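Below, each chain spelled out in residue letters.
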Amino acid sequence: MLIGYARVSTHDQNLDLQLDALTAVGCEKVFTDTATGSTQVRTGFNDMQAALRSGDAVVVWRLDRLGRSLKHLVEFVNELESFGIGFMSLTESIDTTTPGGKLVFHIFAALAEFERNIIVERTKAGLVSARARGKTGGRKKKLSKSQRELAVSLYCQKSHSLSEICTMFNISKPTLYAYVNEKLKAVPL
């Protein structure tokens, strides 16, 4: 059975174009949502998933109507495939119930993975370059180096409680623990 899914982002938009296309290809059931793709709760989407059975195929007018991102879309279609459910996108002419459609979709998936890997490589290269120039990433430390050393010293002396030290320096307990751990890592064994 062909099960359609249509989505628009706002109430100002109209589902008619998508519904007409899904009906024209023979969708017996069509589920709809009016929500942005990034919205976690999409009742129509959830209802569609609950209605799916092995041998069915999910049909969308265009790929972006289904997934929040290419990664999300690939994960969803792979999940469908594991349950014996096909996927069709009318605009992009993708039909995973055919060998050619599976090939096209797997090319999309490979491109998505390639893109993720390139982003990771660029990020790592940028961090290495920044460190080579003496820059460190992350949030700026709340306390100066001497203040951090004093806070850690008070912690190690056990002369003040955690709460007292944190109140003195206006920091949280996790921040104090982070400074202590940083100091412990710097001490050679």
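Rules of the game
- Residues numbered from 1 in each chain as written.
- Predicted model: local features only at pLDDT ≥ 70, side-chain atom pairs only at ≥ 80, totals over all residues.
- Heavy atoms only, no water.
- Salt bridge = Lys/Arg side-chain N within 4 Å of Asp/Glu carboxyl O.
- Helix = DSSP H or I, 4+ residues; strand = E, 2+ residues; numbered from the N terminus.
- Buried < 20%, exposed > 50% of the residue type's maximum accessible area, 1.4 Å probe, protein only.
- Arc of directions from axis to C-beta.
- Core = buried A, V, L, I, M, F, W, Y, C linked by side-chain atoms within 4.5 Å.
- Contact = heavy atoms within 4.5 Å.
- Phe/Tyr/Trp six-rings, centres within 6.5 Å; stacked < 30°, edge-to-face > 60°.
- Lys NZ or Arg CZ within 6 Å of the ring centre and 35° of its normal.

Here the focus is the pattern of salt bridges. Following the criterion strictly, the structure yields 4 salt bridges and no others. The partner of Glu182 in a salt bridge is Arg148, and the shortest N-O contact between them spans 3.8 Å. Separated by 34 residues along the polypeptide, Glu182 in helix H7 (residues 173-186) and Arg148 in helix H5 (residues 145-157) bring together distant segments of the chain. Arg148 sits in the buried class, given a relative accessible area of 17%. Several salt bridges share partner residues, and in doing so they unite Arg62, Asp64 and Arg65 into one network.

A few words now on unusual backbone geometry. Of note, the phi angle at Lys158 is positive, near 60°, even though the residue is not glycine. Residue position: Lys158 is located in the loop between H5 and helix H6 (162-169). Lys158 gets classed as exposed once you look at its relative accessible area, which sits at 61%. For Asn170, which is not glycine, the phi dihedral falls at a positive 55°. Position of Asn170 among the secondary structure elements: in the loop between H6 and H7.

Along H6, the positions that sit buried rather than exposed are Ile165, Cys166 and Phe169. Buried residues along H6 cover an arc of 95° about the axis, so they all sit on one side. Just past H6, the residue Asn170 takes up positive phi, approximately 55°.

One finds Tyr5, Met48, Val58, Leu66, Leu80 and Phe87 to be the most contacted residues of the largest nonpolar core, which totals 21 residues. The set of elements that each furnish at least two residues to this core consists of strand S1 (2-8), helix H2 (43-51), strand S3 (57-60), helix H3 (70-82) and helix H4 (99-132). Of the residues forming this core, the biggest block, 5 residues, is contributed by H3. Once residues lying within four places of it in the same chain are set aside, the contact partners of Tyr5 are Leu22, Phe31, Asp33, Arg42, Gly44, Phe45, Met48, Val59, Val60, Trp61, Arg65 and Leu66. By size, the runner-up hydrophobic cluster in this structure holds 11 residues, among which are Ala151, Phe169, Leu176 and Val180.

Moving on, we get to the packing of aromatic side chains. On inspection of all chains with the given rule, the structure shows 4 aromatic pairs. Between Phe45 and Phe76, the ring centres sit 5.1 Å apart and the planes meet at 50°, which makes this aromatic pair tilted. Taken together, the residues Phe45 in helix H2 and Phe76 in helix H3 connect sequence positions 31 residues apart. Overall, the relative accessible area of 7% leaves Phe45 in the buried class. For the ring pair Tyr155 and Tyr177, a centre distance of 6.2 Å and an interplane angle of 85° mean the geometry is edge-to-face. Taken as a pair, Tyr155 in helix H5 and Tyr177 in helix H7 lie far apart in primary sequence, 22 residues in all. The class for Tyr155 is partly exposed, based on a relative accessible area of 22%. Look at Tyr177 and you get partly exposed, because its relative accessible area is 35%. Three or more aromatic residues link up through ring pairs in this structure, and these residues are Tyr5, Phe45 and Phe76. Cation over ring: Arg148 sits above Tyr179, and NZ or CZ is 5.9 Å from the ring centre. A cation over an aromatic ring shows up here: Lys158 above the ring of Tyr155, its NZ or CZ 4.7 Å from the ring centre.

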